[in-house]
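Residue-level structural notes
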Amino acid sequence: MLQRFALLAGLVLLSAAVSKAAGDWPEFRGPTGQGLATTTRPPQEWSNTRNVAWKQLIPGSGWSSPALKDGRVFLTSAVGGDSGSTMSLHALCLDEGSGKILWDIEVFGGAQATRIHTKNSHASPTPLVAEGRIYVHFGHQGTACLDLDGKVIWRQASLNYPPVHGSGGSPILAGDALVFSCDGGSDPFVVALEKSTGKVLWKTKRETTAKKTFSFSTPLLITVNGRPQVISAGSGAVCAFDPKSGREIWRARYGEGYSVVPRPVFGHGLLFIATGFDQPTVIAVRADGKGDVTDTHIVWTLKKGAPNTPSLLLVGEELYMVSDGGIASCVDAKTGRVHWQERIGGNYSASPIYADGRIYFQNEEGTGVVLKAGREFEKLASNALDERTLASYAVADGALFIRAEKHLYKVTAAESARAQAPATNPARALR
């Protein structure tokens, strides 16, 4: 009884925190970093011609997801960038209502283009917007902070490392620290910058026995027993770090997993991690350990249907996922027991979201697949944009923002404009 009360209380607090920023999606995977949009009604159906509020051509190329704050949309882009040539790395701001580009600023000029994976870009990390500042990250090319008018406040380009396939992981804020992972071809590390100046606060070497050290995961900030932890999944292991000092608190090993892309998710005292290539596995790890907890804190593992690229999605006691090849799954978060696994069509890189009792998946071919959230499989819609899509959704005010290969789309439904109240009781929806 006490455990149930604590769970419901935690969900109500989570929902309250999200509702304070109902019109914002300020970082990769939204206000909680875990893909939950509990206070808005995005459309269930759309197409190239249906429920598209606007469609804006984006200069250059990039797979960073949109970030939303106070009626503005923020993206990054790379102009130029054939392997071996120079390129210009940009930050952009669009008006959320019209799609008009308000400003387009070169952040790093004359950057040397390195070889990247065919599913990557030179502008893949998602911007982070907080306290009147925009933080943009281009992996080994550099990191910068801008104000909301596009003025560059600081640049940090001293953290060099050998990239493999380009960059992918996005930064997070942990107090006064901007934290991100630098998992290149050798000597991987996790680093924190002072958010006001860009100076290095700490830099911690990632100790790993993995033969391939490159990975692309975005960290997650959690709190365990009243103390914050930065969770960063890399090749061979997931580690928890003290956000103030960079000291490693605990680690769980998973052998030769590498090229880890999915961002961790957290709930019920468990972290849910997808371990990367070559044999993807989902593991659930208790987050209250110290030192090497591989033999003591891994609660369950699941291999069938595990993703290489899309992040996981935790809604109440159900954990949702989609493999790169299009097998969607719903499993019991506490035990790993599979409720259902179904093929939903297409190939997947984007991370799913939850909104209004539905699970949204976006495949690489441009089709958004909508399922009913729950322990029984029910497909609600399949929505084609006919443009390649690898970036994850942003969600706000009854609209989905979808970055495709050339355009940014805002899709919405007529009833969304009339209904601004929460779609469902958040605590009930997440039970």
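Residues numbered from 1 in each chain as written. Predicted model: local features only at pLDDT ≥ 70, side-chain atom pairs only at ≥ 80, totals over all residues. Heavy atoms only, no water.

1. Quick look at the nonpolar core
By size, the foremost hydrophobic cluster in this structure holds 28 residues, and its most contacted members are Trp 46, Leu 94, Tyr 360, Tyr 393, Leu 400 and Ile 402. Elements represented by at least two residues in this core include exactly β4 (72-80), β5 (86-95), β28 (353-355), β32 (394-396), β33 (399-403) and β34 (407-412). Ranked by residues supplied to this core, first place goes to β33 with four residues. Leaving out residues up to four positions away in the same chain, Ile 402 has contacts with Trp 46, Gln 362, Leu 385, Thr 389, Tyr 393, His 407, Leu 408, Tyr 409 and Val 411. (Core = buried A, V, L, I, M, F, W, Y, C linked by side-chain atoms within 4.5 Å. Buried < 20%, exposed > 50% of the residue type's maximum accessible area, 1.4 Å probe, protein only. Helix = DSSP H or I, 4+ residues; strand = E, 2+ residues; numbered from the N terminus. Contact = heavy atoms within 4.5 Å.)

2. Description of the environment of Leu 371
Inspection of the secondary structure assignment puts Leu 371 in strand β30 (residues 367-372). Residue classification places Leu 371 among the buried positions, given a relative accessible area of 1%. Taking C-alpha positions, Leu 371 is 9.4 Å from Gln 44, a pair spaced 327 residues apart along the chain.

3. Brief notes about the packing of aromatic side chains
In the structure shown here, the tally under the stated rule is 15 aromatic pairs. These aromatic residues form a ring-pair network of at least three members: Phe 214, Phe 216, Tyr 258 and Phe 277. Lying over the aromatic face of Phe 189, Lys 203 brings its terminal NZ or CZ to 4.3 Å of the ring centre. (Phe/Tyr/Trp six-rings, centres within 6.5 Å; stacked < 30°, edge-to-face > 60°. Lys NZ or Arg CZ within 6 Å of the ring centre and 35° of its normal.)

4. Section: the environment of Thr 208
Structurally, Thr 208 can be placed in the loop between β14 (200-205) and β15 (220-224). Distance from Thr 208 to Ser 181, taken between C-alpha atoms, is 14 Å for residues 27 residues apart in sequence. With near-sequence residues (within four places) excluded, Thr 208 lies in contact with Pro 188, Thr 213, Ser 235 and Gly 236. One polar contact links the side chain of Thr 208 to the main-chain amide nitrogen of Ala 210, over a distance of 3.1 Å. Only 2.7 Å separates the side chain of Thr 208 from the backbone oxygen of Ser 235, close enough to count as a polar contact. (Polar contact = N/O pair within 3.5 Å; in protein donor to acceptor, adjacent residues only side chain to side chain.)

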